[in-house]
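The primary structure of each chain is shown beneath.
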Amino acid sequence: MLKCFYSCYYNPWFVYCVILLMLYDNYTKQISKLNLSEVMAQLVQPIVIVHGGAGDIPDSRVAAKLDGVRKAARRGYQILQESGSVLDSIVAAVEIMEDDPAFNAGRGSILTLEGEIEMEALIAEGRDLNAGAVTLVKNIAHPITLARLVMEKTPHTFLGGSAVNEFASAMGIPRVTDEYLKTPAAEAALQNFKQGNITPKMEIGEGGVGTVGCVAIDTTGHLASATSTGGITGKYNGRIGDTPLLGSGGYADDMRGAVSTTGHGETIMRFNLAQRILSDIANGKSAQDASEDQCKEMTKRLKNGAGAITLSHSGEVGVYFTTERMAWAYQLGDQIHYGIDPGQHLVEPA
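All of these numbers come straight from a predicted model, not from anything done at the bench.

### Points about the packing of aromatic side chains
One pass over the full model with this rule turns up 1 aromatic pair. An angle of 25 degrees between the planes, with centres 5.9 Å apart, marks the rings of tryptophan 328 and tyrosine 330 as stacked. Relative accessible area serves as the criterion here: at 4%, tryptophan 328 is assigned to the buried category. Judged by its relative accessible area of 8%, tyrosine 330 falls in the buried class. The ring of tyrosine 180 carries arginine 107 above its face, with NZ or CZ at 5.2 Å from the centroid. For the cation-ring pair, arginine 276 lies above phenylalanine 271, with the distance from its terminal atom to the ring centre recorded as 3.8 Å.

### A look at the pattern of salt bridges
Applying the stated criterion to the full structure yields 13 salt bridges. With its nearest N and O atoms 3.3 Å apart, the salt bridge here joins lysine 138 to glutamate 116. Of this pair, lysine 138 sits in the loop between strand 3 (131–137) and helix 6 (143–153) while glutamate 116 sits in the loop between helix 5 (86–98) and strand 2 (119–125), placing them 22 residues apart in sequence. Among the residues examined, lysine 138 registers a relative accessible area of 29% and is labelled partly exposed. Residue lysine 296 pairs with glutamate 292 through a salt bridge whose shortest N-O separation is 2.8 Å. One end of the pair, lysine 296, and the other, glutamate 292, are both in helix 12 (residues 287–302), 4 residues apart, so they sit about a helical turn from each other. Classification of lysine 296 by relative accessible area gives partly exposed; the value is 40%. Glutamate 292 gets classed as partly exposed once you look at its relative accessible area, which sits at 22%.

### Brief notes about the sheet that holds strand 11 (residues 325–332)
The 9 strands are arranged 4-3-2-6-5-1-11-12-13 in an open sheet whose pairing can be described as mixed. Every interior strand has two partners, whereas the edge strands, strand 4 (158–160) and strand 13 (346–349), have only one. Across this sheet, the average inter-strand angle for adjacent strands is 10 degrees, counted without regard to direction. Its contacts with the sheet put helix 4 (residues 59–83) on strand 1 (47–55), strand 5 (212–217), strand 11, strand 12 (335–339) and strand 13, and the angle it makes with strand 11 is roughly 30 degrees.

### What about helix 9 (residues 184–194)?
Since the α-helix advances by 3.6 residues per turn, residues separated by three or four positions end up pointing in the same direction. Taken as a whole, helix 9 has its buried residues at Ala186, Ala189, Leu190 and Phe193. Within helix 9, the buried residues cover an arc of 100 degrees as seen down the axis, which keeps them to one side. Downstream of helix 9 by one or two residues, glycine 196 has phi in the positive range, about 80 degrees.

### Describing the side chain of glutamate 120
Inspection of the secondary structure puts glutamate 120 in strand 2. For the buried glutamate 120, no salt bridge is present, and the opposite-charge side chain at shortest range is arginine 239, 4.1 Å distant. A polar side-chain atom of glutamate 120 sits 2.7 Å from a polar atom in the side chain of threonine 135. Side-chain polar atoms of glutamate 120 contact the backbone nitrogen of glycine 241, separated by 3.0 Å. Here glutamate 120 is in contact with Val134, Thr135, Thr227, Ser228, Thr229, Arg239, Ile240, Gly241, Asp242, Thr243 and Pro244, once residues within four sequence places are set aside.

### Here we look at empty space enclosed by the protein
In the structure shown here, the tally under the stated rule is 1 cavity of 30 Å³ or more. As for the largest cavity, its lining consists of 11 residues, of which Thr211, Thr229, Gly231, Asp242 and Gly263 are closest to the centre. Across the lining of the largest cavity, the residue classes break down as 2 nonpolar, 6 polar and 3 charged.

### Observations regarding helix 12
With 16 residues, helix 12 extends 22 Å between its outermost C-alpha atoms, agreeing within 8% with the 22 Å of an ideal straight helix rising 1.5 Å per residue. On its buried face, helix 12 is in contact with helix 10 (265–271), helix 11 (273–282), strand 9 (306–312) and strand 10 (317–321). Positive backbone phi, approximately 75 degrees, marks lysine 303, located one or two places after helix 12.

### As for the layout of surface pockets
For the largest pocket, the calculated volume is near 180 Å³. Contributing to the lining of the largest pocket are Gln288, Val317, Val319, Tyr320, Phe321, Trp328, Tyr330, Pro342, Gly343, Gln344 and His345. Looking at the lining of the largest pocket, the elements that each hand over two or more residues are strand 10 and strand 11. Considering each element in turn, the lining of the largest pocket owes the most residues, 4 residues, to strand 10. Partitioned by chemical class, the residues of the lining of the largest pocket number 7 nonpolar, 4 polar and no charged.

Calculation notes
- Residues numbered from 1 in each chain as written.
- Predicted model: local features only at pLDDT ≥ 70, side-chain atom pairs only at ≥ 80, totals over all residues.
- Heavy atoms only, no water.
- Phe/Tyr/Trp six-rings, centres within 6.5 Å; stacked < 30°, edge-to-face > 60°.
- Buried < 20%, exposed > 50% of the residue type's maximum accessible area, 1.4 Å probe, protein only.
- Lys NZ or Arg CZ within 6 Å of the ring centre and 35° of its normal.
- Salt bridge = Lys/Arg side-chain N within 4 Å of Asp/Glu carboxyl O.
- Helix = DSSP H or I, 4+ residues; strand = E, 2+ residues; numbered from the N terminus.
- Pairing = 2+ DSSP bridges.
- Axes fitted to C-alpha atoms, helices over the stretch in contact; angles between N-to-C directions.
- Contact = heavy atoms within 4.5 Å.
- Arc of directions from axis to C-beta.
- Lys, Arg positive; Asp, Glu negative; His and termini not counted.
- Polar contact = N/O pair within 3.5 Å; in protein donor to acceptor, adjacent residues only side chain to side chain.
- 1 Å grid on protein atoms, 1.4 Å probe; cavity = no way out; pocket = protein on both sides within 12 Å on 5 of 7 lines; lining within 4 Å.
- Points joined across faces, edges and corners; volume = space filled by probe spheres on them.
- Nonpolar A, V, L, I, M, F, W, Y, C, P; charged D, E, K, R; others polar.
- Expected span 1.5 Å × (residues − 1).

Interpretation in functional terms is not warranted from these geometric data alone.
In structure tokens form, the structure reads like this:
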């Protein structure tokens, strides 16, 4: 019997099994010390935040814009809770605003100098740094859905012009008429522009009514960003703005955060605003400080205004703008947070 013991003791497989059993016993003891609240504390609280455009928003549009962003935030949060998909969530939220003539995206898009509508959109997800972008889109209701199809159904990241419109038809995207997309406010803004009453900036007068965007994070820290716009009043046909450009109109990276921007497009693309905000987060700044510092820096250096909504990889919220107003909203738990004026932060039950 003693001989049998020694033969087992010096058998390397026997020793290996004993070590595994000891490790397993220690692991189960450690796990048993954890409780559900501690486990849940390691998860990120899901958030869906939207914006409805930054600029000189007239008083007559404030109520409609606040109603629109709150509706979009609620819808996005509902989808995130039901599906767990940040992509489904941000697309649903942006589609709400693309259907709302209070915003400059989809129905309600502003007009080019020739009286046409040319839209653009960007979607980005942070796990694999995938993205889809479209520009010079015509006669569809939801450019953000088309951008997602570019990301998921093609080997490309960016499509524009006649190619993107052909792609929309190939994907079975329903076509809508110019009359559906055009609004009296957009037509009036173009006439004012031609008469020299307004300049080609966002949110001037009654026509430029706001690029839209959304960022979201799920419980695992997975992030996504979406931005959609009709551009700026009186733009040349064929003009491409910042919205569909990665790092300018938006970006998402699970290692850093997600951003959607709005404001003066030519300035935002020159400054690469979204990427600068995420670089600040990577260097240790909070989402709020990064958004504020980079929007201020852009305006200081290049004069024009911008706004951004930001989520860090840990779920911190950032909202800031250097324009007169920017409509924004997010749902966190059972509350809606929202505002439009500088420093304004209102809360109501969802």
